[in-house]
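# A closer look at the structure
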Amino acid sequence: MTDAPQKTATRAAYGKALVKLGELNPNVVVLDADLSKSTKTEGFAKRFPERFFQMGIAEADMMGTAAGLAASGKIPFASSFAIFASGRAFDQVRQTAGYGRLNVKIGASHGGITVGEDGASHQSIEDIALMRVIPGMTVIVPADAEETEQAVFAAARHEGPVYIRTGRSPVPVLFDEDYKFQIGKAATLREGKDVTIIACGVMVSASLEAAEILAKKGVSARVLNMATIKPIHVDAVVAAAKETGAIVTVEEHSIIGGLGSAVCEVTGEMCPVPVERVGIRDVFGQSGTPHELMQAYGLTGDDIAQAAVRAIDRIGT
Amino acid sequence: MTKEETRELQRIAQRIRLGIVKSVAAAASGHPGGSLSVADIMATLYFKEMRIDSKNPTWPDRDRFVMSKGHAAPALYATLAEAGFIGKEELTTLRKFGSRLQGHPSMRHVPGVEMSTGSLGQGLSAANGMAIAAKLDKRPTRVYVIIGDGEAQEGQIWEASMTSVHRKLDNLMVFFDYNGLQIDGKITDVKSFTEPAAKWRAFGWHVLEIDGHDIQAIHAACEEAKATKGKPTMVVAHTIKGKGVPFMENIVDWHGKAPSEEQAEEAISHLEASLR
């Protein structure tokens, strides 16, 4: 952990990581659907023009092409906004990358409502649910630049399809180079005994704020960074339930089908405890600044802290 | 191509048709019509044109085939059986529980199946990816695809058609199985699709129009495609749905229906007679 003030968007880290990866692995290729300036794949495009494939505004075709490349031994990173990568091209991802168990990596930027001003059409609040349900798909939502870079490298090493969701807006640094990201492993960012806050992506720093707020009230909150939504780190969820007795899940995604659901699936089957899900409550987003939207949809540190109190109050009821 | 070679390919095509009828009849479901229509193309590709090795199905330099119209799986399986990728006795396990021969082709189940297909419109994109990879690696690989005429109602076919041209994929050759029928009826009634050759020409493809049951014409098209540089080749292959089984020919109901036992016997004896 570090207090370095440098904020970086995870999408920017994704773009930089691809260039580093491209230097090391000649089989890495990158595809984009006319959004390379936004998904930040333009750096790879400049450095490795022969391994970059501009597919135009055709996400379905891009995913199919990526499948063909993967079937020929390449490691394609197909990049677009989360809403298009998961939604527009869902069937292509399912039929080829998923059913074919192909080595397709999906780089989905602009996840969640912090997309901001573009409005609901571009704010992906369903993508984690859509990707999570595909058999064999790995789903990663990194929380900062360092974790994003490591997730990109881990995805390239992993055999099979991987969905990596990044964000548009700059987020605080949480990890330094000593951090070791592993697919399927949660990271404990703060120890606590009264409640566990399990968060992913841009919501991790807000969850740490919530833990501070709770500490001032005498509540000790554990904070887990659950970067891998699938496969979820079952042991970490079970330990949180057994050791702290209450859980809050926090995600910039619908409370239906995402991290909150994944955690509830584990607690429901293995260790029922009160769970409060912080996320988008079955509504579409709207235009606004990321800050305004986080306030409006209840995704601030205060909101998370209140959810923690509610979860603790429900223990034993 | 010599007359003997042509005759031999015609016989292979008839044996593929036998495999289609036997497997679909055993399954009691499946898609015979659009499988029979592509049998001559399959025979020519697998036994004359393609560089493949059934003993080494993942040989990196091999040519690739993608059955984009995945419901023609019986044609693909019967061809793979003829070519030795799978056993002929396995064909009658088509669509049965526990069989590798899934209702639509699965690359994780069957050696020689290069891409999982079935949801229409997707195979051409995947084939583009294979053709791009071959060019990146400077491999001699050529990529062959069959798309259905009804399938071309899917928008992704046209997204992919732009990609093939933009990437100058001259190692790619596509057959458009122009049999004129789809599940719900004539293509012209369901959603009229006129002048396919002109459409692909306008997209920038090298376009040929042939009789899709004429082995020599299929072979000549393959030769022309190989000689065509800087462009992918689209072969508009005029075919007859159900070709080779007289009672199925040009009857829309045989798109996705299995023959009864008696009908299968009739079809089999007709096809076997053609092999004598």
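Residues numbered from 1 in each chain as written. Chains lettered and ligands numbered in written order. Predicted model: local features only at pLDDT ≥ 70, side-chain atom pairs only at ≥ 80, totals over all residues. Heavy atoms only, no water.

### Section: the environment of A:Ser72
You can see A:Ser72 is positioned in the loop between helix H4 (59–71) and strand E4 (75–81). When the C-alpha positions of A:Ser72 and A:Leu102 are compared, they lie 9.9 Å apart, and in sequence the two are 30 residues distant. The residues touching A:Ser72, leaving out its near neighbours within four places in the chain, are B:Arg64, B:Met130, B:Ala133 and B:Asp137. At 3.2 Å, the side chain of A:Ser72 forms a polar contact with the backbone oxygen of A:Gly68. (Helix = DSSP H or I, 4+ residues; strand = E, 2+ residues; numbered from the N terminus. Contact = heavy atoms within 4.5 Å. Polar contact = N/O pair within 3.5 Å; in protein donor to acceptor, adjacent residues only side chain to side chain.)

### Describing the sheet that holds strand E10 (residues 195–199) of chain A
Residue and element names in this part refer to chain A. Taken together, five strands build an open sheet; the order of strands is E9-E11-E10-E13-E14 and the sheet is mixed. Each edge of the sheet is formed by a strand with only one pairing partner; in this case those strands are strand E9 (187–190) and strand E14 (275–280). Here the average twist between neighbouring strands, direction ignored, is 25 degrees. For E10 and strand E11 (residues 221–225), the ladder comprises five bridges, and the chain directions are parallel. (Pairing = 2+ DSSP bridges. Axes fitted to C-alpha atoms, helices over the stretch in contact; angles between N-to-C directions.)

### Quick word on the interface of chain A and chain B
Of the residues lining the interface, 26 residues belong to chain A; the matching set on chain B comes to 25 residues. Of the roughly 2100 Å² buried where chain A meets chain B, counting both sides, 55% is carbon and sulfur surface. Where chain A packs against chain B, one counts one salt bridge. One salt bridge connects B:Asp137 with A:Lys74, and the closest N-O pair in it is separated by 2.6 Å. There are 12 residue pairs in polar contact (both at pLDDT 80 or more) connecting chain A and chain B. Of all the secondary structure elements, the ones that give two or more residues to the side of chain A that touches chain B are strand E3 (52–54), H4 and helix H6 (90–98) of chain A. The dominant element in the side of chain A that touches chain B, judged by the number of residues it contributes, is H4(A), at nine residues. The residue inventory of the side of chain A that touches chain B, partitioned by class, reads 11 nonpolar, nine polar and six charged. (Buried area = accessible area lost by both parts, 1.4 Å probe. Salt bridge = Lys/Arg side-chain N within 4 Å of Asp/Glu carboxyl O. Nonpolar A, V, L, I, M, F, W, Y, C, P; charged D, E, K, R; others polar.)

### A short note on helix H3 (residues 39–49) of chain B
Here H3(B) lies mainly inside the structure; nine of its 11 residues are buried. Of all the positions in H3(B), only B:Ala39, B:Asp40, B:Ile41, B:Met42, B:Ala43, B:Thr44, B:Leu45, B:Tyr46 and B:Glu49 are classed as buried. (Buried < 20%, exposed > 50% of the residue type's maximum accessible area, 1.4 Å probe, protein only.)

### A closer look at the layout of surface pockets
Put simply, the second largest pocket is a space of about 430 Å³. Taken together, 26 residues make up the lining of the second largest pocket; nearest its centre are A:Ala71, B:Thr58, B:Arg62, B:Arg64 and B:Glu114. Looking at the lining of the second largest pocket, the element that brings in the most residues is helix H5 (residues 123–136) of chain B, giving three residues. (1 Å grid on protein atoms, 1.4 Å probe; cavity = no way out; pocket = protein on both sides within 12 Å on 5 of 7 lines; lining within 4 Å. Points joined across faces, edges and corners; volume = space filled by probe spheres on them.)

### A short note on the sheet that holds strand E3 (residues 172–178) of chain B
Residue and element names in this part refer to chain B. Taken together, the five strands give an open sheet; going across it, the order is E1-E2-E3-E7-E6, and neighbouring strands pair in parallel fashion. Taken across any chain shown, the strands that pair with only one partner, and hence form the sheet edges, are strand E1 (64–67) and strand E6 (206–211). In this sheet, adjacent strand axes meet at a mean angle of 20 degrees when their direction is disregarded. With four bridges joining them, E1 and strand E2 (residues 143–148) adopt parallel strand pairing. Residue pairing for E2: Arg-64 is matched across the bridge by Val-143.

### So, the pairing of E11(A)
All names here are of chain A. A large share of E11 lies buried, amounting to five of its five residues. Burial along E11 is two-sided: Ala-221, Val-223 and Asn-225 facing one way and Arg-222 and Leu-224 facing the other are all buried. In this view, the connection linking E10 to its parallel neighbour E11 by way of helix H9 (residues 203–216) has right-handed handedness. (Right-handed = clockwise from strand over helix to strand, strands pointing away.)

### Notes on the pairing of E14(A)
Residue and element names in this part refer to chain A. Counting buried positions along E14 gives five out of six residues, so the element sits mostly inside the fold. As defined by bridge partners, strand E13 (residues 247–254) adjoins E14 across five bridges and the pair is classed as parallel. Bridged to Ile-247 within E14 is Val-275. Taken together, E13, helix H11 (residues 259–270) and E14 form a β-α-β motif whose crossover is right-handed.

### Considering the packing of aromatic side chains
Evaluated as defined, the whole model comprises 13 aromatic pairs over all chains. Seen in terms of ring centroids, B:Trp158 and B:Phe193 are 6.1 Å apart; in terms of plane orientation they differ by 35 degrees. Their pairing is tilted. Of the two residues, B:Trp158 sits in helix H6 (residues 155–166) while B:Phe193 sits in the loop between helix H7 (187–191) and helix H8 (196–203), which places them 35 residues apart along the sequence. Exposure class is identical for B:Trp158 and B:Phe193. Each is buried. For B:Phe193, a relative accessible area of 8% gives the class buried. Taken together, the ring pairs in this structure connect B:Trp158, B:Phe176, B:Tyr178, B:Phe193, B:Trp200 and B:Phe203 into an aromatic cluster. Lying over the aromatic face of A:Phe48, A:Arg51 brings its terminal NZ or CZ to 4.3 Å of the ring centre. Above the ring of B:Trp254, the side-chain terminus of B:Lys257 is found at 4.3 Å from the ring centroid. (Phe/Tyr/Trp six-rings, centres within 6.5 Å; stacked < 30°, edge-to-face > 60°. Lys NZ or Arg CZ within 6 Å of the ring centre and 35° of its normal.)

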